[in-house]
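# Fold and contact review
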Amino acid sequence: MIKYYEKTRTFIIETKSSSYIFGLNDRSVPLHIYYGARLAHPEEMTLKSTNDTERFTSSVKSFEYRQEYVTFGRGIYDEESIKLRYHDGISDTELTYKNHSIVQNELRLTLSDDIYSLDVTLVYRAFDELDMIERYAVITACGETVTIENAASANIFLPSGQNYEVMTFSGSHMREYTPYTNIIPRGKLVFETRRTVSAGPYHVPFFTVTNTSAPCTETYGELYYGMLKYSGNFRNVFEKNQSGTVKITTGINFHDTKIELKNGESFETPTAIFGYSDSGVCGMRRNIYDLEYEKLAMRSNIEKPFPIIYNSWYPYFFGIEEEKLVRLIDKVADLGAELFVIDDGWMQGRTNDRAGLGDWFPDKERFPNGLLPISKKAHDKGLLFGLWVEPEMINESSELYKEHPEWVLCYKTREKSYTRHQLVLNFAREDVYNFAQETVDRLIEENELDYLKWDMNRYITEKDTLRDFEIKFTQNVMRLYKHIREKYPRLLIENCAHGGARADFGLFEYCDRINRSDNADPVDVLKLHEGFAMMFPPRYAGGAGNIAPSPYNSTNGRVSPLSYRATLGMTGSMSVGFDILKADEKDIEKTREMIKYYKTIRPILHNSYFYPLSSYIQNKTAIWQYTERNGRNAVIFIFAHGLIAGEQIRNIKLRGLIGDMLYEINGKRLSGDTLMKYGFDLMDELKDDFPKYLEEPIGDFYSKIIEVREAKTE
Ligand code: DGJ
C-alpha cells in the first residue's frame, strides 16, 4: 500500500511488516525518513529539518541530508546515485518535486532539474505480502544533451546511529556463493564487478544487512536485504558517514562508462529489490522464493517438475559423435532420465577447445546427418532433447572469424588475449546481436529443441570504444534471453556461465535452471548449495551432472559413493553425467533405482521451501528440509561427512508445517505442532544406521532421506 499525506508532504510505502517513509522538504527535495519494522502510526513521521540550505552551511546537516536519490553536487560528499554532466560542463544536479502518481501499489515520483530541463522519475513498487519494495529510476533529457556519468537504481538509508554488518557472497569458479560478513565501516565498503559479461561469481549482486547489536539467525531477528536485476557490471556501496548515517547504493557500475541522452531520450536503470524480514534468514528466503515463484518464473514451466537430465559433458567432453549418442539414448531412456542434452563439442571442428565457436553447424564428419536424427531418436524414446551453445564467443580458427574479424573485441595496437583459446564477440553491436539471435532461433527450430543450455566461458578483457559499451553488451545478452523466452515459451532454458557466474536476478526470469557450479564434488556442493539456496529455489540448482564421475577430475580428487552423489542430486535439478556406456551394471541399476525413487518425491521437492535445519558449513552435517509450498508434505535430507566421534544431532525441530495437521514420519504419527516445537529425535530414528556410532565413528559420506507426509485418515 502506498499513501501520500498532503499535510506533511510525506510518502508512505507499507508492506506486511515494513514501513518506508520519505517526505518533501522546503525546497521540495525528497528526503528519507524511515525504513524498518512497520509503524502503527506512520503519519507521525515527518521531516525534522526543513531548511534545505543548511546542507551547504552546516557540515552536520550535510551529513544528515538523506536524499531519496542522492544527487552529485553542492554540499554532497557521500556516494551519489546520480551524476550528470550538462551541456555547459556543470555537473551539479538539483532535483526537486515535479509531480507524482500512485496507481495501486506503484508510485511514480517525477523530479526535475528546472535549470537544465531534465526529469528523473523514481519508480517504487510495493510487494505487500512479500515485504519487498522494487525501485528503479528513469532519466529523461527534455532540452539540451546531457551525459550520465552515474545512475544507480536506488539508494536506501537504514536507521542511523547503529552498527551494521553486511553479508555478501563471494567466490570464484568451483567455489561460488561463499558467504562473507563485513562490518559497514566509517567510510565505504564496495562490492562490484567490471568483467562485463556477468555479475558473478566473484561478487554477486545480492546482500543482507543486520544490526550488530540485534542478533539475527536463521529463524530469528531483523534483516534487510537487496538484489539487483542485472547481469553485468554492478556496484553495491555500503557506507557510513561521519554523522553515523548508513546508506546502501546499488546499481550498474558506471566505471569507465557514460551515456549520452539527446532531447527526448531516456535511460531506465535496472530494477533493485529491497526487502525487510523480521523472522531471520528463513523469513527472507521464503519471501524471495515467493517472489520468484509468483512473479518472476515462467508460469507454465515452474508448475511442472523439472525433467531429469542426462548430459554428455562430464563423461565424454568433446568426444561425441552420432553413433555413440544414438547408442547412449537407449541407455538414457532405460535409466529413467527424461531429457537428453548434447553439451559442448558438436560443432564443426570442435574436438577440442581451439575450434568450433562461431560455426554453429554440426561437425560434418562426426554428425554427417546433422543433429535432427538424434533429436528424433530422443523424442521417439520419450525423451526431451537439448543442446549447448555459447553465443557470445568465437574461435579464431572459425569460418565466422574469417568472414567477420571486425566482430571480435580486440585492440589493433595490442595482442589479442585468449582464455580457453577463445575470443569474445562484440555483443554491443547490432549486427552481432542479429547474428546471435538468428543462430539461436535456427538451432532451436531446426533441431526441435526442448531445452537450450546457454554457456559463457570467459570474461571481457578488451572493449569497444563506445562509452556505454558495457551496458549495451549486457542489455543485448538480456535482450536475447528475453527474446528466446518470449518466442519459445515452452523451451526450457539453462543459464550457465562456466558454472554459476550468471546466477543473478537479471536473468532469473528468463531461465528455468541455473548452472550452480562446475564443481560436482558432493562435499563441496554441500557448502555451495546453502549459499545458492538462499537466493534461488533448489530446483534451479543445475550443473552438467550431479551424479558425476567420481572422483570428478577437475575438482579435488575426492572419491565418493554413488548413492551419496545421487541422494545429493535429488536436492537440486538432477542431472546424470557419468559414462553409462561403460559403467558397471551395478552402478546403472543403483542409479535407475534412485531415479525411480526420486520421481516419487519430486512433486514435493520442486517448488518447496528450503530450510537448512543444520548447516553443513557449521556442523559437518547438513539436515535440509524441503517443505511443499502448502506445508502438507516435506522431505528431509541428511548428509554427514567429516564428523568427529561422538558428534551427533539429537532433536531437530521441523519448520513450515501446519500446526494442527497430522503427519506420518518414519512410521509415527505426529502433529505439525509437536514436530515444529519439540521436534523429532533424529538419533533415535537413525539408530539402525549408526549401530556403533559412539564407539566407531562412521562419520563419512552418510546420507539419508526421511519423508514427512500428510497422514491419511484411518
Ligand atoms: C562450462 C559449463 O559450466 C559446463 O557445464 C560445460 O557446459 C562446459 N562449459 C562446456 O564447455
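Criteria and thresholds
- Here the residue numbering is sequential within each chain, running from 1 through the sequence in written order.
- Where totals are concerned, whole chains, interfaces and linings use all residues; where local detail is concerned, this predicted model gives features only for residues with pLDDT of at least 70, and gives and counts side-chain atom pairs only at 80 or more.
- Side-chain numbers come from the whole structure's heavy atoms, not from hydrogens or water.
- By the criteria applied, helices consist of DSSP H or I runs no shorter than four residues and strands consist of E runs no shorter than two, each listed in order from the N terminus.
- The term polar contact refers here to a pair of N or O atoms within 3.5 Å; inside protein, the definition further demands a hydrogen-donor-capable atom paired with an acceptor-capable atom, and it admits residues adjacent in sequence only when both atoms are side-chain atoms.
- Segmentation of the chain into domains, including their bounds, is taken from an automatic or database domain assignment.
- Type-normalised accessible area, obtained with a 1.4 Å probe on protein chains alone, sets the label of each residue: buried when under 20%, exposed when over 50%, and partly exposed for intermediate values.
- Two strands make a pair as long as DSSP finds a minimum of two bridges between them.
- By convention, a stacked pair of Phe, Tyr or Trp rings (six-membered ring in the case of Trp) has centres within 6.5 Å and planes under 30 degrees apart, an edge-to-face pair has planes over 60 apart, and any other such pair is tilted.

Right, let's get into the environment of tryptophan 624. With respect to the secondary-structure elements, tryptophan 624 resides in strand E32 (residues 621–627). Considering only alpha carbons, one finds tryptophan 624 and tyrosine 611, 13 residues apart in sequence, at a separation of 5.7 Å. At 3.0 Å, the side chain of tryptophan 624 and the side chain of glutamate 530 are in polar contact.

What follows deals with the domain arrangement of the protein chain. Interface size is commonly expressed as the accessible surface area that is lost when the partners come together. When the domains of the protein chain are assigned, the result is domain 1 (2–296), domain 2 (299–606) and domain 3 (614–710). Placing the centre of domain 1 and that of domain 3 at their C-alpha centroids yields a distance of 41 Å.

Each regular strand displays side chains that alternate between the two surfaces of the sheet. Of all the ten residues making up strand E8 (residues 118–127), nine are buried; the element is thus mostly covered by neighbouring parts of the structure. Taken together, the eight bridges between strand E7 (residues 106–113) and E8 define a ladder with antiparallel strand orientation. Paired with arginine 108 across the strands is valine 123, a residue of E8. Connecting the antiparallel pair E7 and E8 is a turn made up of four residues, with serine 117 showing a positive phi of about 50°. As paired strands, E8 and strand E9 (residues 132–141) are joined by ten bridges and run antiparallel to one another. Residue pairing in the sheet places aspartate 119 in a bridge with threonine 140 of E9. Turn length for the E8-E9 hairpin, with the two strands adjacent in sequence and antiparallel, is four residues, and the turn residue aspartate 131 shows positive phi of about 55°.

So, about the packing of aromatic side chains. Following the criterion strictly, the structure yields 38 aromatic pairs and no others. Measuring from ring centre to ring centre gives 5.9 Å for phenylalanine 191 and phenylalanine 238, while their planes differ by 70°; the resulting arrangement is edge-to-face. Placement of phenylalanine 191 in strand E13 (residues 187–192) and of phenylalanine 238 in strand E16 (residues 234–240) is noted, with a sequence separation of 47 residues between them. Here phenylalanine 191 and phenylalanine 238 have matching classes, each one buried. The interplanar angle of 85° and the centroid separation of 4.7 Å between the aromatic rings of tryptophan 313 and phenylalanine 317 together place this pair among those described as edge-to-face. Tryptophan 313 gets classed as buried once you look at its relative accessible area, which sits at 13%.

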